[in-house]
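Structural characterization, general
As a plain string of letters, each chain reads:
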Amino acid sequence: MITGTSIEKAASVLRSGGLVAIPTETVYGLAANALDPAAVMQIFEAKKRPTFNPLIVHIADIAQLSDIAEPVPEPLNALLKTFWPGPLTILIPKKDTIHPLVTAGNSDLAVRIPDHPLTLELLRTLGFPLAAPSANLFGTVSPTTAAHVAGQFSALEGYILDGGPCSVGIESTIVKLQADGKVGILRHGGVSAEQLSGLLGYLPETVTALHDQPEAPGMLKSHYAPQIPLHLGNLDTLLKRFSTENVAVLTYSTPRTGQNIHTNKVLSPKGDLREAAFNLFDHLRILGASGAERILAEEVPETGIGKAINDRLTRASSV
Ligand code: TXA
Ligand code: MG
């Protein structure tokens, strides 16, 4: 893939059924025309992603929703009016314009309006929606810069639309309406549960996503995995346990030094969870390539976007 900032070039690749990495406020997406199953199939092949794992569809504006999905019921409608464009993905029954490959056979479609000026302009230029998972190889750390994408997909045909570093840095929050009429969170992300509760009047529960129960048990165990093993827990305990090894340490706000600490990255020296989310994936990449034998990480405070950060750290950990 070649990197550039031309919306015209990105649009022409997508119009001819090719792949373009698009910047969003959360992470970079690997995009194809959501209405073209042959183009969508290339996403799965490029990512080496199993086809039972469905894709998020990105649209330019709320009016475009009616092309691909059934009308949105309350209170989901109120949520999207508040948080779109932004890091909130909703699940709603799809229309036949969306091929089952996109939703992995589910009747529900995941959709959002991303909040990035280049990608919004691209979507408006195209007139068709874009299916896009995160632009990383399946199971690895998500990309938050064009260089991260280029690092994994240099050999792939297509274009990387460089929109700079992603401002949020962690994926969208995925919500769905449950049988009891309440909103549930399938994945914590850029919009916090507390922000949602401000509108809903209750704190939405975390619900287990279908895709978390793969046909082959254990297959999805390792997600967001850095290049070396990551251990999450109490740093004093972990440092003792691995005292004979060269380790890399990921801390929330306090720097850490020690004889066997090869590298330390601090997510947010001022203790700001938004800043920590912005740095998370980049720091994981740097530590993964640091030459240390393993990464020792601590949890961040479990409030606001901290829930999403801890979720990714847990999934990134190998034990
Ligand atoms: O912020 C984001 O959401 C980024 C940017 C590019 O928009 N995208 C992203 O996509 O994180 P991906 O594919 O890496 O993660 C999407 C998650 C997956 O866990 C997938 O299983 C779930 O959303 N998902 C997608 N469609 C679904 C559906 N119809 N039903 C249930 N889960 C779905
Ligand atoms: Mg992903």
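Since the structure is predicted, the reported quantities are computational estimates derived from the model, not experimental observations. (Residues numbered from 1 in each chain as written. Chains lettered and ligands numbered in written order. Predicted model: local features only at pLDDT ≥ 70, side-chain atom pairs only at ≥ 80, totals over all residues. Heavy atoms only, no water.)

1. Some points on the confidence of the model for the protein chain
Regions with low pLDDT should not have their predicted coordinates read in detail. Here is the rule we go by: Confidence per residue, as judged by the predictor, is encoded in pLDDT with a range of 0 to 100. The contact rule is simple, with two residues in contact once any of their heavy atoms fall within 4.5 Å.
On average, residues of the protein chain score 95 in pLDDT, and 95% of them are at 70 or above. Within the model, the stretch residues 212-219 combines pLDDT values under 50 with six contacts to residues more than four positions away or in other chains.

2. Remarks on the site of ligand 1
Rules: A cutoff of 4 Å decides nearness: a residue is near a molecule or strand if any of its heavy atoms lies inside that distance of it. In protein, a polar contact requires one atom able to donate a hydrogen and another able to accept it; more generally it is a pair of N or O atoms within 3.5 Å, and residues adjacent in sequence count only if both atoms are side-chain atoms. Accessible surface is estimated by sampling points in the Shrake-Rupley manner with a 1.4 Å probe; for residues, cover comes only from the protein chains shown. The helix count covers DSSP runs of H or I at least four residues long, the strand count covers runs of E at least two residues long, and both are numbered beginning at the N terminus. Residues are grouped as follows: Ala, Val, Leu, Ile, Met, Phe, Trp, Tyr, Cys and Pro are nonpolar; Asp, Glu, Lys and Arg are charged; all remaining types, including Gly, are polar.
Around ligand 1 lies a shell of 22 residues, among which Thr 26, Asn 53, His 58, Asp 108 and Ser 172 are the nearest. At 2.9 Å, a side-chain N or O of Arg 49 approaches an oxygen atom of ligand 1. Separating a nitrogen atom of ligand 1 from a side-chain N or O atom of Asn 106 is a distance of 3.4 Å. Compared with its free state, where it exposes 680 Å², ligand 1 has 94% of that area covered by protein. When contributions to the shell around ligand 1 are tallied by element, the ones reaching two or more residues are β4 (56-58) and β6 (108-112). Per-element accounting of the shell around ligand 1 gives the leading share, three residues, to β6. Class assignment for the residues of the shell around ligand 1 results in nine nonpolar, eight polar and five charged.

3. Comments concerning the pairing of strand β13 (residues 247-251)
What counts, and what does not: To sort residues, take the accessible area from a 1.4 Å probe on protein chains only and compare it with the maximum for the residue type: under 20% means buried, over 50% means exposed, and anything in between is partly exposed. When DSSP finds two or more bridges between two strands, those strands count as paired.
In terms of burial, β13 is largely enclosed, as five of its five residues are buried. Here β13 shows a buried face lined by Val 247, Val 249 and Thr 251 and a second buried face lined by Ala 248 and Leu 250. Of the strand pairs in this sheet, β13 and strand β14 (residues 261-266) are connected by five bridges, and their pairing is parallel. Residue pairing for β14: Ala 248 is matched across the bridge by Thr 263. As paired strands, β13 and strand β15 (residues 294-297) are joined by four bridges and run parallel to one another. Note that in β15 the partner of Leu 250 across the bridge is Ala 297.

4. Comments concerning the sheet that holds strand β7 (residues 130-131)
Convention followed: In this description, a line fitted to the C-alpha atoms serves as the axis of each element, helices being fitted only across the stretch in contact, and the angle between N-to-C directions of two axes falls anywhere from 0 to 180 degrees.
As summarised here, the arrangement of the eleven strands in space is β1-β8-β2-β3-β7-β4-β6-β5-β9-β10-β11, forming an open sheet in which the pairing is mixed. Where the open sheet ends on each side, the last strands, each with one partner, are β1 (2-4) and β11 (205-206). Sheet topology places strand β2 (residues 20-22) next to strand β8 (residues 159-161); two bridges connect them, and they run parallel. Bridging across to β8, Ala 21 finds its partner in Ile 160. Contacts from helix α4 (residues 76-83) reach β5 (88-93), β9 (173-177) and β10 (183-187) within the one sheet, and its direction differs from that of β5 by about 145°. Where helix α8 (residues 193-200) meets the sheet, its contacts fall on β5, β9 and β10, and the angle it forms with β10 comes to roughly 165°.

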